[in-house]
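Examining the three-dimensional arrangement
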Amino acid sequence: MDIRLEWLRAFRAIMQAGTVTSAANIVLRTQPQISRMIAGLEASLGFQLFTREGRRLIPTEDGLRFYGHIEPLLINFEGLKDIAQDIKERRGKPLVVAAEPFLLHSLIPEAVDAMHRVTEVGFAIDLCVRELGLWMSRSNVDLAVVALPFTQSDMERVAFAEAELVASLPEDHPLADREVVDIVDLAGEPFVALRPNTLLRSQIDLALMRQGGAFRPVMETGSGVTACSMVARGVGVSISDPIVARSFVGHGVVMRPLSSPMKLTYGFLVEPASTINPLIRKMAMCVIEAVEELGGDFVTTAPFVESRAFPFLAGTAGKGRP
């Protein structure tokens, strides 16, 4: 049995309009073409669909039964375009964003809030933990935000910002009166240190060793957020990511530049194919804007986002430290 889609559409047009002339206007065909389509459909089905009364076509009982079956099929077929668009634009599916713990504290909420204001997409927020070896959540994640280098994933790594670490001090600490703090001065204070397996710990220790000093940790933590929280309680001083430190400003912590800058690179983990997805690009831009807003003069984005190495970030307005 040979049944063509255009025949079914012509049949439905007649059922809706009642005449060949009106049906031809609906499906944008000539009257002779419509007549041939109906004849072809009837020949293929083996039964009559209409009887003629003057200029009108009256559906037969068989024609009515057949129409009852094909109308839902045609509606579903014509909805395929919308279904494809929904899939393309991820309607009904959450955008999965993952980040390392210190970035989940204030950066990701800020970026998600900005994204939520301009799109109706839902969100799922995941934790990205580098200590677990090869990060296996990648198949479910649209965009991850991490500190680089990050070797525990085979997703593409894309640098988008550089941050200067800062001294985090209790508000009433004597060093808080200085505009710039020397790392050697921090070594003489009770120090809230990051754990040895964290990305920044070795960088911080090495910077002080080069100046012939060593820290006196009063405690260690794997979380920069916890470190700042302890600083706010007066336990000691610390060296922090600027975005994390700024979230505690006004809550017991002051942040000061270091005389010998130490830098941290922020990056995205992304599947190469997703770089063409406008929703993921938009989310990436929201993250970059949040970094610029929260990091202030302590972050630089322009050299990264204007790089030709990753075109989907090109053209974003970057902000550099003056």
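The rules behind each value
Residues numbered from 1 in each chain as written. Predicted model: local features only at pLDDT ≥ 70, side-chain atom pairs only at ≥ 80, totals over all residues. Heavy atoms only, no water. Helix = DSSP H or I, 4+ residues; strand = E, 2+ residues; numbered from the N terminus. Buried < 20%, exposed > 50% of the residue type's maximum accessible area, 1.4 Å probe, protein only. Contact = heavy atoms within 4.5 Å. Pairing = 2+ DSSP bridges. Axes fitted to C-alpha atoms, helices over the stretch in contact; angles between N-to-C directions. Parallel < 35°, antiparallel > 145°, perpendicular 65-115°, else oblique. Left-handed = near helix turned anticlockwise from the far one by under 90°. Nonpolar A, V, L, I, M, F, W, Y, C, P; charged D, E, K, R; others polar. 1 Å grid on protein atoms, 1.4 Å probe; cavity = no way out; pocket = protein on both sides within 12 Å on 5 of 7 lines; lining within 4 Å. Points joined across faces, edges and corners; volume = space filled by probe spheres on them.

**Quick word on the environment of Leu103**
Looking at the secondary structure, you find Leu103 in helix α6 (residues 101-104). Residue classification places Leu103 among the buried residues on the basis of a relative accessible area of 1%. Sequence-distant contacts of Leu103, defined by excluding residues within four places in its chain, comprise Ile108, Pro109, Val145, Val146, Ala147 and Tyr266.

**Description of the pairing of strand β5 (residues 143-148)**
Across the six residues of β5, six count as buried, placing the element largely inside the fold. Taken together, the three bridges between strand β3 (residues 95-99) and β5 define a ladder with parallel strand orientation. Paired with Val97 across the two strands is Leu143, which belongs to β5. Sheet topology note: the β5/strand β12 (residues 263-270) ladder contains five bridges and is antiparallel. Considered in β12, the bridge of Ala147 is made with Tyr266.

**Re the packing of helix α7 (residues 107-118) against helix α12 (residues 278-295)**
The geometry of α7 relative to α12 is characterised by a closest axis approach of 8 Å and an angle of 130 degrees between their N-to-C directions. Judged by the inter-axis angle, α7 sits oblique to α12. Note that α7 runs across α12; the crossing there is right-handed. Packed against α7, whose contacting residues are Leu107, Glu110, Ala111, Val112, Ala114, Met115 and Val118, the element α12 presents Leu279, Lys282, Met283, Cys286, Val287, Ala290, Val291 and Leu294 at the interface. Tallied by class, the residues present in the contact of α7 with α12 amount to 13 nonpolar, no polar and two charged.

**Describing the sheet that holds strand β11 (residues 253-257)**
Read across the sheet, three strands follow the order β10-β7-β11 without closing on themselves; strand pairing throughout is antiparallel. The strands lining the two open edges of the sheet, one partner per strand, are β10 (238-240) and β11. Strand-to-strand twist in this sheet, taken as the mean axis angle between neighbours without regard to direction, amounts to 40 degrees. As paired elements, strand β7 (residues 166-170) and β11 share five bridges and run antiparallel to each other. The residue of β11 that forms the bridge with Val166 is Pro257. On the sheet, helix α10 (residues 224-232) packs against β7, β10 and β11 and is oriented at approximately 40 degrees with respect to β7.

**Concerning empty space enclosed by the protein**
Inspection of every chain in the model, using the stated rule, returns one cavity of 30 Å³ or more. Roughly 30 Å³ of volume is contained in the largest cavity. What lines the largest cavity is simply Phe191, Val192, Ala193, Leu194, Arg201, Ile204, Ser238 and Ile239. Every element with two or more residues in the lining of the largest cavity is listed here: β8 (190-194), α9 (199-209) and β10. The element that contributes the greatest number of residues to the lining of the largest cavity is β8, accounting for four residues.

**Examining the packing of helix α1 (residues 5-17) against helix α3 (residues 31-45)**
Across the interface, α1 lies against α3 with an axial gap of 9 Å and an inter-helix angle of 110 degrees. Comparing their axes, α3 and α1 come out roughly perpendicular. Contacts between α1 and α3 pair Glu6, Trp7, Leu8, Ala10, Phe11 and Ile14 from the former with Ile34, Met37, Ile38, Gly40, Leu41 and Ser44 from the latter. Considering only residue class, the contact of α1 with α3 consists of nine nonpolar, two polar and one charged.

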